[in-house]
Amino acid sequence: MNRKYRKTIIAGNWKMNKTPSETKEFMTALKGMLPRGRWCDIALCVPAVCIPAAVRAMRETRVGIGAENCNANPSGAYTGEIATNMLVDAGCKYVIIGHSERRAMGETNEDVNAKVLAALEAGLIPIMCCGETLEQRETGITSEWIAMQIKAGLKGVPEEKIRKIVIAYEPIWAIGTGRTATPEQAQEVCEEIRTVVRKLYSSKVARAVSILYGGSMNDKNAYELLAQPDIDGGLIGGASLVPEKFVKIIESANQNAE
Ligand code: PEP
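Attention in this report is confined to the structure presented alongside it. (Residues numbered from 1 in each chain as written. Predicted model: local features only at pLDDT ≥ 70, side-chain atom pairs only at ≥ 80, totals over all residues. Heavy atoms only, no water.)

**Quick word on the pattern of salt bridges**
Taken as a whole and judged by the stated rule, the model has 11 salt bridges. Across the pair Glu101 and Lys15 runs a salt bridge whose closest N-O atoms are separated by 2.7 Å. In this pair, Glu101 sits in helix α4 (residues 100-103) while Lys15 sits in the loop between β1 (9-13) and α1 (20-33), placing the two residues 86 residues apart along the sequence. A salt bridge links Glu121 to Lys161, with the nearest nitrogen and oxygen atoms 3.7 Å apart. Here Lys161 lies in helix α8 (residues 159-162) and Glu121 lies in helix α5 (residues 109-122), a separation of 40 residues in the sequence. Taking relative accessible area as the criterion, Glu121 reaches 62% and is therefore assigned exposed. Judged by its relative accessible area of 27%, Lys161 falls in the partly exposed class. (Salt bridge = Lys/Arg side-chain N within 4 Å of Asp/Glu carboxyl O. Helix = DSSP H or I, 4+ residues; strand = E, 2+ residues; numbered from the N terminus. Buried < 20%, exposed > 50% of the residue type's maximum accessible area, 1.4 Å probe, protein only.)

**What about the packing of α5 against helix α7 (residues 142-153)?**
Any two packed helices are characterised by how steeply their axes cross, that is the angle between the axes, and by the distance between the axes. Axis separation between α5 and α7 bottoms out at 8 Å; the angle between their running directions is 45°. Relative to α7, the element α5 lies oblique. Note on element contacts: α7 touches α5 through Met148, Gln149, Ala152 and Gly153, opposite Asn109, Val112, Asn113 and Val116. Class assignment for the residues of the contact of α5 with α7 results in four nonpolar, four polar and no charged. (Axes fitted to C-alpha atoms, helices over the stretch in contact; angles between N-to-C directions. Parallel < 35°, antiparallel > 145°, perpendicular 65-115°, else oblique. Contact = heavy atoms within 4.5 Å. Nonpolar A, V, L, I, M, F, W, Y, C, P; charged D, E, K, R; others polar.)

Keep in mind these numbers describe shape, not what the thing actually does.
Here it is in structure tokens:
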């Protein structure tokens, strides 16, 4: 990470875990453990029904609450969907877009792009995910695949708005598998993502955009991953469900800054 030019962000993705009551319990525990002093930005993206409890609990803290998905339309006949202005009104600061688990449910690059544009318009910080399958990695097309996902996801995003976006590199083979990318593998792709952003925008923009790594990041491996120059934080699934583990990851980010 490079704190001189960009933010360090530790973000949790709870997926479909925890009830509103469990959210309150977790947040109360987390509040009591948060490190003081040198902070990185902290985000917790939670199931939609848990957002009010999370926002209420973390109101006086520097932890931003986020959603795990949004709909790109402003309103209308989309049963079960949630619009970006609803998330803002509920107190969200972040929204995860294009997670591989949603892409596996049929979300396309066009959908991701529409959601990124809608989130930015509403004032949310999109955490836009990209990542390759194991098969793609083994056939040597990781760079091309990731570049394509980034270009498609950022289509039509103006330069003044790209600074608000957070990109998360999440190799699909590392998500929820306990198989983490090595720091070198993660750094290599995060650096390539920055190069894609540089070519699309400018060196200044590329230097300022925060790129996270996600995929079995935990309290044991976070320090080494976060020590890489182009990894500006983490998107954390499993380990974000346990306050002690999540706090240790935050501490790893803080230690790397010292
Ligand atoms: C994720 O869901 O984005 C993720 C990285 O999960 P895990 O940390 O459990 O691999």
